[in-house]
Amino acid sequence: TEFAILQSMDVSGYAGLYNEVYTTNQAGMAFRAHGIDVISKITAYAEQQGAPSAGAAVNFYIYACDANGVPTGAALWSDTTNTVSDIGALTLDMITLSPDLAITDGNTYALIMTMPSVGDGTNNVYFYAGDQGNMPQGWVVTSSVGGSSWSASRENDVAMTVYGYKSRTAGRVYRCDP
């Protein structure tokens, strides 16, 4: 059964724009997996600012995070099929992982958004984020150098939900809490 492990979806309290994503600027949300070992989908509020090229690629990636809570290594999962037209004005984007991504319960991961080919400080895309602290197990991560180094802002979080489940082995009996 699929369930939300982290949720922070009330955008009414969010400031909106957080770290414009364009060319080498990347942004995302780090989160600690709790009670799951598979991610099946993520929903996140994103928006475009100004007029970035409608057909420009907007990519999403999931990375493992290091001890400092920032992305490290190669992407564990990617979706490179989106464009700026898919983002538009404040939209709730459903990112379905196919196949589901196996992770390690208790480890930290990050969903990253990139728009590598176009944009500038006034024509870009961004996650809806703020300092609401609604995700105590999550924080914003940013890079202005194409992901070669990262910063973490633990005071901020992205309006998103991570869905997943605990994998089970057929034929085994599992204890359930009442």
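Residues numbered from 1 in each chain as written. Predicted model: local features only at pLDDT ≥ 70, side-chain atom pairs only at ≥ 80, totals over all residues. Heavy atoms only, no water.

Trainee: What exactly am I supposed to notice about the side chain of Gln 26 here?
Mentor: Along the chain, Gln 26 turns up in strand 3 (residues 26-32). With near-sequence residues (within four places) excluded, Gln 26 lies in contact with Asn 19, Val 21, Ile 112, Met 113, Thr 114, Val 141, Thr 142, Ser 143, Gly 146, Gly 147 and Trp 150. (Helix = DSSP H or I, 4+ residues; strand = E, 2+ residues; numbered from the N terminus. Contact = heavy atoms within 4.5 Å.)

Trainee: Is there a simple way to explain the packing of aromatic side chains in this structure?
Mentor: Aromatic ring pairs are defined here through the distance separating the ring centres and the angle between the ring planes. Applying the stated criterion across every chain yields a total of three aromatic pairs. Ring centres of Phe 31 and Tyr 109 lie 6.5 Å apart, and the angle between their planes is 40 degrees; this geometry places the pair in the tilted category. In this pair, Phe 31 is assigned in strand 3 and Tyr 109 in strand 8 (residues 108-114), connecting sequence segments 78 residues apart. Here the two residues Phe 31 and Tyr 109 agree in accessibility, since each one is buried. (Phe/Tyr/Trp six-rings, centres within 6.5 Å; stacked < 30°, edge-to-face > 60°. Buried < 20%, exposed > 50% of the residue type's maximum accessible area, 1.4 Å probe, protein only.)

Trainee: How should the sheet that holds strand 11 (residues 151-153) be read in this particular structure?
Mentor: Where strands meet in a sheet, backbone hydrogen bonds hold them as pairs that are either parallel or antiparallel. Spatially, the six strands line up as an open sheet ordered 6-5-8-3-10-11, and their pairing is antiparallel. Looking at the sheet topology across the chains shown, the edges are occupied by strand 6 (71-83) and strand 11. With strand direction ignored, the average angle separating the axes of adjacent strands in the sheet is 25 degrees. Where strand 3 lies against strand 10 (residues 138-143), six bridges are found, and the strand directions are antiparallel. Note that in strand 10 the partner of Gly 28 across the bridge is Val 141. (Pairing = 2+ DSSP bridges. Axes fitted to C-alpha atoms, helices over the stretch in contact; angles between N-to-C directions.)

Trainee: Help me out: how do you make sense of unusual backbone geometry in this one?
Mentor: What is expected of a backbone is that most residues other than glycine have negative phi and most peptide bonds are trans. The linkage connecting Ser 98 with the following residue, Pro 99, adopts the cis geometry, with an omega of 0 degrees. The residue Pro 99 is located in strand 7 (residues 91-102) in this model. Phi at Thr 23 takes a positive value of approximately 35 degrees, unusual for a residue other than glycine. Mapping Thr 23 onto the fold places it in the loop between strand 2 (16-21) and strand 3. On the accessibility criterion, Thr 23 (31% relative accessible area) is partly exposed.

Trainee: Explain the environment of Leu 101 to me, please; I cannot follow it from the model alone.
Mentor: Turning to its location among the elements, Leu 101 is positioned in strand 7. Along the sequence, Leu 101 and Asp 37 sit 64 residues apart, while their C-alpha atoms lie 8.4 Å from each other. Among residues more than four places away in sequence, those in contact with Leu 101 are Asp 37, Val 38, Ile 39, Ile 62, Leu 76 and Trp 77.

Trainee: Looking at this model, I keep getting lost on the nonpolar core. Mind explaining?
Mentor: Burial of nonpolar side chains together is a common tendency in soluble globular proteins. Within the largest apolar cluster, 33 residues are counted, with the highest numbers of intra-cluster contacts made by Phe 60 and Met 160. For this core, the secondary structure elements donating two or more residues are strand 3, strand 4 (38-49), strand 5 (57-65), helix 1 (84-87), strand 7, strand 8, strand 9 (124-130) and strand 13 (160-165). Here this core gets four residues from one element, more than from any other, and that element is strand 4. Ala 30, Tyr 63, Cys 65 and Trp 139 belong to the second largest nonpolar core, which has ten residues in total. (Core = buried A, V, L, I, M, F, W, Y, C linked by side-chain atoms within 4.5 Å.)

Trainee: Help me understand the pattern of salt bridges, please; the structure alone is not making it clear to me.
Mentor: Any two side chains of opposite charge can pair, given that their charged atoms come close. One pass over the full model with this rule turns up one salt bridge. Among the ionic pairs, Lys 166 bridges to Asp 105, the shortest N-O distance being 3.4 Å. Residue Lys 166 is located in the segment after strand 13, and its partner Asp 105 is located in the loop between strand 7 and strand 8; the two are separated by 61 residues in the primary sequence. Note on Lys 166: relative accessible area 31%, which makes it partly exposed. In this structure Asp 105 comes out as partly exposed when scored by relative accessible area, which is 33%. (Salt bridge = Lys/Arg side-chain N within 4 Å of Asp/Glu carboxyl O.)

Trainee: Quick question: what am I supposed to make of the environment of Val 118 here?
Mentor: Summarising the element assignment, Val 118 is placed in the loop between strand 8 and strand 9. Judged by relative accessible area, which is 25%, Val 118 ranks as partly exposed. Taking C-alpha positions, Val 118 is 6.8 Å from Ala 56, a pair spaced 62 residues apart along the chain.

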